[in-house]
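Remarks on the overall topology
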Amino acid sequence: MTGANTFQVSGYGPQRAGWARLFARDSLARRLDWPILLAALALSGIGSLLVFSATRNRTEINQGDPYYFLIRHIMNTGIGFALMLGTVWLGHRTLRTAVPILYGASVFLILMVLTPLGSTVNGAHSWIVIGGGFSLQPSEFVKITIILGMAMLLAARVDAGDKPHPDHRTVLQALGLAAVPMLIVMLMPDLGSVMVMVIIVLGVLLASGASNRWVFGLLGAGAAGAIAVWQLHILDDYQIARFAAFANPSLDPAGVGYNTNQARIAIGSGGLTGSGLFHGSQTTGQFVPEQQTDFVFTVAGEELGFVGGGLIIVLLGVVLWRACRIARETTELYGTIVAAGIVAWFAFQAFENIGMTLGIMPVTGLPLPFVSYGGSSMFAVWVAVGLLQSIRVQRPMSA
Amino acid sequence: MTNIPETGRTPRVQIRLVVIQILVLSLLGTLGGRLWYLQIREGDEYAKEASGNHVQQVVEPAVRGSILDARGVPLADNETRLVVSASRTDLLKMKDDGKAVLAKLAGVLGMKPREVMEKVRLCDSKTPQPCWNGSPYQPIPITDEATAKQALQIRERAEDFPGITAEPEAVRRYAAPGKSNTAQVLGYLSPVTDEEITKAQDTDSPYLRSDQVGRSGLEREYDKELRGKAGVTRYEVDNLGRVIGEAEADPAQAGSNLVTSIDARVQRVAEYELNDAMKKARLEWDRNTNEQYKADSGAVVVMENKTGRVVAMASNPTYDPNAWVGGISAKDYTRLTGKNSNYPLLNRAIQGQSAPGSIFKVVPTAAAVNAGYSFDGPYECSSSYSLGGQVFKNFESKGYGPISLGRALEVSCDTVFYRLSHEEWKRDGGTKPKKNANDWFYKTAHQFGLGAETGIDLPNEVTGRIPDRQWKLDYWKANKDVWCRTGKKDGSYAEKIAYENCLEGNRLRAGDSINYSIGQGDTLVTPIQMATIYSAIANGGTLYDPTVGKAILSPDGKTVTEIKPKSHGKLPISKKTLAEMDEALEGVATRGTAAWRFADVGWPQDKIPMHAKTGTAEVYGKQTTSWFATYTKDYSVVMTISQGGTGSGASGPAVRNIYDALYGVSDDGAVNPKNALLPTPQKGLPKVRTDGTIKSPKVAKDPAKEQRANQEGAAEEGGVQQAATVNTPATGNRNTRRRPRRRGSRRMLA
């Protein structure tokens, strides 16, 4: 993948030739955050193995081709990687100017989902089927545009040096910007994505330096909202059932609790080193539903054991650790907010996804970043990696 | 790169970023911790659950082995019934879950469609019976009583009945050859319990839900051998139950066959005669209680002297073991175990214990000789023996003057044994025993094997009881609280006894030793113990463990595991004393208390020397127990009838008839080998054919009735009859006319 590094960031570094230029002291390659890149690639690689293991026998979904999902997962990763490179090439500052267009486009797409063009998967009406076996989940991209949009608004006056912190009016605008797509996604209803977006908004507000009142106010509003949702029966039955099963999986082991139970059995039976790739009885016997997407972590747990599962968590930790550093080390508030938003997004989604397979979080349909099968999610997380790289690359060298 | 970059940003944001970082890492830490908890700490638990998830067992039952008599006649075997079963997996593949097929099947079987549906539904907490509580992968039996026509209808139109099979299947049957029932010896089967299933599930022979397990008798004792090994095929299945691979397959192994020493014909004679004797006893008047004898229960054992093998063992009241086949009905169960049933399930030959009365006297005789008394005596046989104010009488207060121990056995003189036992008791220190008291009379009883199991190969044998000093003490400790509470010095008889017991029940009193010497008081024995002892006297002193099982034949008949006779000791008597006792016991049959059953009524003593001892035990609050212990060279027969009257009176004719049948003796004493069922013990094992089946001779419809007819007929027509029936099979002599019975109508002599 060294070819990837031949991209030039305009206006940076003296022009040198060939390899020397590539690895020069202040070159792009030197500035890239390699740990994030390698960890993300490793996660995608592990993901393709797990997706393969989970789907090679599922003739009812893989069209008789055991490699169907494997190939697609690798393709998705490749496209995601290209998107990342494109993002770095463009640079987040360039993207900053395009934020209104991106935001508008993403909102348009999720509105499309609500029209008859959208289709329902697992109770959530959040997909647009493109055809040829491909479908799009626009709510994944909305996560990025919310981060970028809010960051643009919140950082504008601070980065210009007008104010030390965003004022109330700006915060209100930013919240409004986030609220529109969130409401639409809630109508789908895709509760998992809404939860991620709430956490993203929280992370963005925290990093923007907005007044504590806003942060705690938002937390309070979130709690009140949750109670309201519960009391006003906004949730569908399947969502309530998932939560009930989370609280007590033995309640209905054949029904709603089945997922949680089987997931836990799969992971628990893995032990220290697992049963070996392709040798998990739970996986081969297809006892865990949605195993290539939302429950992909159970394949790792069963077939690779504590070692494999732990490795995934550690790799995610590397990505998040580096992302936090990038947020802290960049000079612009815009970059800080974007990085923090991505951290909040990845961290919550990873915790929720793995947590539900381990039985410590309720079941919602969220993919595990980089690992789960699914194009939209894969593209979105790689774009996010691109943003992180771009923030790091474009900060002035402190030395 | 420095650690603190110059971001020029407010500390508020910087602090918040650190908080976010800490929060993020702690979330990941939580995941790691939980992962460790699930995989490392509880991993084994989940691994087990996972394997239960994906492996399904299909168990093929093993055919249970047969129980055969000594000649190979099946006492318990399997009959083939046509079982119609439905495969749930096949039914569920149909559009309507097989409802149409089941309805059609109900029509063929003459059942209601609802009935059939209920049988194939799976049991859970909400589903009431009937429902299937076995594995859903197992064919579910709908009926085991299909007719051949119904089975044919189903099999010939297999395409109309997908998932339905009609297969012949083995079901237990207690054949009762020649009307011999043998119920308590054979035992019975009942369905396996949840507990047993759980216990056996990881062993190499797991139980089926529908399995039957031996619960008593031989079925229980030899359950492991008879049961065989169920075949298990383990399939790996996916979440929809589709088979994705066959893990292991063990074929079913049929159970072994058990050859017993029981002879079905002798067994039938023993059962018939026991029942007949009890019926007759109920017609007799008991002068002590002024009512007819109740004869509520009884037992008889016929044993081979030189091996301890049981040829016949009957217990009365009895029941039909087929009641248990296919699950016992609630009504039958109450009838067999209820309060008013008098417990027919008990095998009174090994589980009934009562005071032995005079048949016990062989023990004090041996004890006296061991204690140094001469066999020849003479000892005073007075009509009574006084102790303080108490008078212990001889039976019917008869005196015989000074006699030997042998004569005392012959005439069953109680006072001789009272005196000897009392004397020994005094010599041991009376109520304050010496440190190393000899306790000859008690020690000898233990050496005879009393107060302990004989070791017969039947479950739940009881020990009986020898009321020695230790027992007295233990018993007093267990009961003194009750005695001391209820006992009254001037109360009723029971209250007085309780009062006395409270005061000194811990000691062996003089009266105890006197009562004990004639097998009364607290002494308890079982018929099998007495049979073992009399066999030992007959065989020269070896106490054999009684056995019913003789050999175990593998299903193919190729491997034969013989169950060899085992001894659990020798009688503690010298050859000389044994010979003297043997002679005395012969005297009982020729001129003593049993003479009116043998020598006086045409027993061929010169050809078949008979030895006997009668016993009439008194039981407080009940009528007397009849005991009769006898032996010849090869066999011992011990019979007892509770509340039946005297030993020779109630049991005598029955025992005589059993011997008549064994040896082919007629009422007039003629020995007709043609009529003999088993003049010498059965040697060898039944012949096995090359295909593994066992040759078994035919058994007459009712050997007991035929024997009676033979015996009586011969008495009247003698040689003529013999000449006329030379070519008639031994057990098929049905031409003989029944004659009025002579022996039964005879009155008691003494």
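Analysis parameters
- Residues numbered from 1 in each chain as written.
- Chains lettered and ligands numbered in written order.
- Predicted model: local features only at pLDDT ≥ 70, side-chain atom pairs only at ≥ 80, totals over all residues.
- Helix = DSSP H or I, 4+ residues; strand = E, 2+ residues; numbered from the N terminus.
- Buried ≥ 20, exposed ≤ 12 C-beta atoms within 10 Å, placed from the backbone.
- Contact = placed C-beta atoms within 7 Å.
- Arc of directions from axis to C-beta.
- UniProt positions renumbered as here; feature names shortened; annotations may be inferred.
- Pairing = 2+ DSSP bridges.
- Axes fitted to C-alpha atoms, helices over the stretch in contact; angles between N-to-C directions.
- Core = buried A, V, L, I, M, F, W, Y, C linked by C-beta atoms within 7 Å.
- Parallel < 35°, antiparallel > 145°, perpendicular 65-115°, else oblique.
- Left-handed = near helix turned anticlockwise from the far one by under 90°.
- Nonpolar A, V, L, I, M, F, W, Y, C, P; charged D, E, K, R; others polar.

1. A short note on the overall build of chain B
- Along chain B, the regular secondary structure elements total 24 helices and 25 strands.
- Buried positions account for 44% of the 750 residues belonging to chain B.
- Taking as baseline every contact in chain B between residues at least 6 positions apart, the subset at least 24 positions apart corresponds to 72%.

2. Quick look at the overall build of chain A
- Across its full length, chain A holds 15 helices and three strands.
- Relative to its full complement of 399 residues, chain A shows a buried share of 53%.
- Residue pairs in contact within chain A that sit at least 24 positions apart in sequence constitute 69% of those at least 6 positions apart.

3. As for the interface of chain B and chain A
- Listed by partner, the interface residues are 40 residues for chain B and 46 residues for chain A.
- Here the element with the most residues in the side of chain B that touches chain A is helix α1 (residues 11-41) of chain B; it accounts for 19 residues.

4. Overview of helix α4 (residues 99-109) of chain B
All names here are of chain B.
- All buried positions along α4 are accounted for by V101, L102, L105 and L109. Buried residues along α4 cover an arc of 95° about the axis, so they all sit on one side.
- Along its buried surface, α4 packs onto β3 (74-86), α3 (88-92), α5 (113-120), β4 (140-146), α6 (148-156) and β5 (164-174).
- Positive backbone phi, at 70°, marks G110, one or two positions downstream of α4.

5. Re the UniProt feature "transmembrane region" (unreviewed entry) in chain B
- Here the UniProt-annotated "transmembrane region" (unreviewed entry) positions come out as residues 17-37 of chain B.
- Helix makes up 100% of residues 17-37 of chain B and strand 0%, with an end-to-end C-alpha separation of 30 Å.

6. Considerations on the sheet that holds strand β25 (residues 635-642) of chain B
Residue and element names in this part refer to chain B.
- The strand order β14-β13-β25-β24-β23 describes an open sheet built from five strands, whose pairing is antiparallel. Looking along the sheet, the strands with just one partner apiece sit at the ends: β14 (310-316) and β23 (611-617). Each strand of the sheet is rotated relative to its neighbour by a mean of 5°, with strand direction disregarded.
- Helix α21 (residues 527-539) contacts β13 (297-304), β24 (625-631) and β25 of the sheet and is inclined by roughly 150° relative to β25.

7. Focus: the nonpolar core
- Grouped together as the largest cluster of nonpolar side chains are 129 residues, with contacts concentrated most on V266(B), V300(B), V301(B), V302(B), A408(B) and I658(B).
- The element contributing the most residues to this core is helix α11 (residues 264-281) of chain B, with nine residues.
- If we skip the residues at most four places from it in the chain, V300(B) touches A270(B), L274(B), A314(B), V637(B), V638(B) and M639(B).
- Ranked by size, the runner-up nonpolar core spans 124 residues in total, among them L43(A), V107(A), A263(A) and V24(B).

8. Notes on the packing of helix α3 (residues 34-55) of chain A against helix α13 (residues 296-329) of chain A
Residues and elements named next belong to chain A.
- Taken N-terminus to C-terminus, the directions of α3 and α13 make an angle of 160°; their axes are 9 Å apart at the nearest point. Between α3 and α13, the angle is such that the two are roughly antiparallel. Handedness of the α3/α13 crossing: left-handed. The segment α3 lies against α13, with P35, I36, A39, A40, A42, L43, I46, G47, L50, V51, S53 and A54 engaging V296, V299, A300, E303, I312, L315, V318, V319, R322 and A323.
- Partitioning the contact of α3 with α13 into residue classes produces 18 nonpolar, two polar and two charged.

9. Some thoughts on unusual backbone geometry
Residue and element names in this part refer to chain B.
- Following N316, the chain continues into P317 via a peptide bond in cis, with omega recorded as 5°.
- Along the chain, the position of P317 falls in the loop between β14 and α12 (330-337).
- Despite not being glycine, A295 shows a phi value in the positive range, around 40°.
- Summarising the element assignment, A295 is placed in the loop between β12 (291-292) and β13.

10. Re the environment of D33(A)
Residue and element names in this part refer to chain A.
- Summarising the element assignment, D33 is placed in the loop between α2 (28-31) and α3.
- Separated by 357 residues in the primary sequence, D33 and S390 place their C-alpha atoms 9.4 Å from one another.
- Not counting residues up to four positions away in its chain, the partners in contact with D33 are R322, I326, L388, Q389 and R392.

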